[in-house]
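Residue-level structural notes
Listed below are the residues making up each chain.
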Amino acid sequence: MRRGAVTAALLLLMTGCATGPSLETRGEVTGSPGDSRHLVVGSAGFTESDLLAQMYALLLNQAGYTTSLITVANRELYEPALESGQIDVVPEYAATFADWLNAKVNGPDAPTVGSPDLDATMKALRRLATPRGLTVLAPGRAVDQNAFAVSAPYAAKHHLKTLSDLGASGLKVRLAAGDECVRRPYCAPGLRKVYGIDITAVDPKGVGTTQAKQAVQSGQDQMVLTTTTDATLAEFDLVLLADDRHLQNADYVVPVVNRSRAGGPGPAEALGRLNEVLTTADLAAMNQQVDSWRRLPQDVARTYLEDKGLLK
């Protein structure tokens, strides 16, 4: 995180007025949804979150709100600020945020509540978020979830389009991923259990890093853990294999707002317009413009909204 963002985050957390539910009232929803005319939009500090925050701000501005943006690249900091009303809206990911709140409420060893089922995941997320003074708006079409890629020549040679194809092939697979992949149910254990893929080893090169992709491109590894909105796969001649048995959780993009400041129909209507058009492929393309073409997130966000007819 940049020093300015750290300073802003600390000032925000120390000086803002707490407007979320108190410990005495947590567990019940009190008061009507608010409609503050100035809203603080938070970003988690990575490209995709910056793009989403910029689009949220532009859409809210057009709807008559004034906005400011802040980067807080740590959920442990920005989620309490969201509860207290120091941040009013953030882009989140349904299953990941549901599991994070569940661990916060019920402890790190609590069974996960996120799942591949979007409806079940949203129900669990709202059940956890509402007592904390948060309103989870409707999810859109875009999803940023774990995904697995192989080299295009490897896929062509072995006729691979899906993870089921890879499992049926009987090929031995060395997987480039993060250290945690060895034990995470949606990574190596899940690939073995759900797809029957013969994962012989996990090469700890990180999730979607340049080194991990180069390892697959060179043939040192056969598959890499990345995400569905990875913008650089083509640069390494890599292709995604479809998660046709739905191993991965429903990490759909979803706006989360502070109920007492932004829980009214205005923000929901403004941000809901993005849900109608934004796709996973759109997010990947915008990520590429920022990460590979070095365009500014605010410029990419504005151009996209204008092209889709969402900004006048």
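Use the structure listed above.
The sections below set out a description of the structure shown in this document. (Residues numbered from 1 in each chain as written. Predicted model: local features only at pLDDT ≥ 70, side-chain atom pairs only at ≥ 80, totals over all residues. Heavy atoms only, no water.)

1. Observations regarding the side chain of R75
Filter applied, for reference: The helix count covers DSSP runs of H or I at least four residues long, the strand count covers runs of E at least two residues long, and both are numbered beginning at the N terminus. Contact between two residues is taken to exist if any of their heavy atoms lie within 4.5 Å; hydrogens are not considered.
Checked against the element boundaries, R75 lands in helix α3 (residues 75-84). Among all residues touching R75, those that are not within four sequence positions of it are P80, E92, T96, F97 and W100.

2. Considerations on the state of the cysteines
Inclusion rule: Note on terminology: pairs of cysteine sulfur atoms within 2.5 Å are recorded as disulfides. Exposure is judged per residue with a 1.4 Å probe applied to protein chains only, and the accessible area is read against the type maximum: over 50% gives exposed, under 20% gives buried, and values in between give partly exposed.
Scanning the model with the defined rule gives one disulfide in all. There is a disulfide in this structure between C181 and C187, and the S-S distance comes to 1.8 Å. Looking along the S-S bond of the C181-C187 disulfide, the torsion reads about -85 degrees, which is the left-handed sense. As far as burial versus exposure is concerned, C181 and C187 are alike and both buried.

3. Concerning unusual backbone geometry
Residue H159 is not a glycine yet carries a positive backbone phi of 55 degrees. If you trace the backbone, H159 turns up in the loop between α6 (152-158) and α7 (163-169). Positive phi outside glycine occurs at H246, with the angle close to 60 degrees. Looking at where H246 falls in the secondary structure, it is placed in the loop between β9 (238-241) and β10 (253-258). The class of H246 is exposed, set by a relative accessible area of 57%.

4. Describing the packing of aromatic side chains
Where we set the bar: We call Phe, Tyr and Trp rings a pair once their centres come within 6.5 Å, taking the six-membered ring for Trp, and we label the pair stacked below 30 degrees between planes, edge-to-face above 60, and tilted otherwise. Criterion for a charge above a ring: Lys NZ or Arg CZ within 6 Å of the ring centre, and within 35 degrees of the ring normal.
Inspection of the entire model under this criterion finds one aromatic pair. Centroid distance F97 to W100: 6.4 Å. Interplanar angle 10 degrees. Geometry classified as stacked. Here F97 pairs with W100, and both are found in helix α4 (residues 94-106), just three residues apart, close to one helical turn. With a relative accessible area of 0%, F97 lands in the buried category. Of the residues examined, W100 reaches a relative accessible area of 19% and is grouped as buried. Cation over ring: R37 sits above Y65, and NZ or CZ is 4.0 Å from the ring centre.

5. Looking at the layout of surface pockets
For clarity, the threshold we go by: A pocket here means an open set of points on a 1 Å grid, computed over the protein atoms alone, that has protein on both sides within 12 Å along at least five of seven lines. A cavity is instead a set of points where a 1.4 Å probe fits but cannot get out; residues with an atom within 4 Å of a point line either one. Grid points are joined across faces, edges and corners, and a volume is the space filled by probe spheres set on the points. Under the convention adopted here, Pro, Cys and the residues Ala, Val, Leu, Ile, Met, Phe, Trp and Tyr are nonpolar, Asp, Glu, Lys and Arg are charged, and Gly plus all remaining residues are polar.
Its boundaries defined by the atoms lining it, the largest pocket holds a volume of some 1,200 Å³. If you trace the largest pocket, you find 40 residues lining it, with T96, D144, N146, T227 and D251 closest to the centre. The set of elements that each furnish at least two residues to the lining of the largest pocket consists of α2 (47-62), α3, β3 (89-93), α4, β8 (223-227) and α12 (280-291). Partitioned by chemical class, the residues of the lining of the largest pocket number 14 nonpolar, 15 polar and eleven charged.

6. Considering the sheet that holds β8
Two orientations exist for strands paired in a sheet by backbone hydrogen bonds: parallel and antiparallel. As a reminder, the rule being used: Paired strands are those between which DSSP finds at least two bridges. Axis angles are defined between N-to-C directions and span 0 to 180 degrees, where every axis is a line fitted to C-alpha atoms and, for a helix, only to the segment in contact.
Within the open sheet, the five strands sit side by side as β7-β6-β8-β5-β9. Their pairing is mixed. Lying at the two open borders of the sheet, with one neighbouring strand each, are β7 (198-204) and β9. Going across the sheet, the axis of each strand differs from the next one's by a mean of 40 degrees, ignoring polarity. In this structure, strand β5 (residues 146-151) lies alongside β9, joined through four bridges in antiparallel fashion. Across the sheet, the residue bridging to S151 is L238, located in β9. This element, helix α9 (residues 210-218), spans β5, β6 (172-177), β7, β8 and β9 of the sheet and lies at about 140 degrees to β8.

7. Section: helix α8 (residues 188-195)
Heads up, the condition is: The directions from the helix axis to the C-beta atoms form the arc being described.
Those residues of α8 not exposed but buried are A188, G190, L191 and Y195. With its buried residues spanning 165 degrees around the axis, α8 presents them on a single face. One or two steps after α8, the chain reaches G196, where phi turns positive at roughly 70 degrees.

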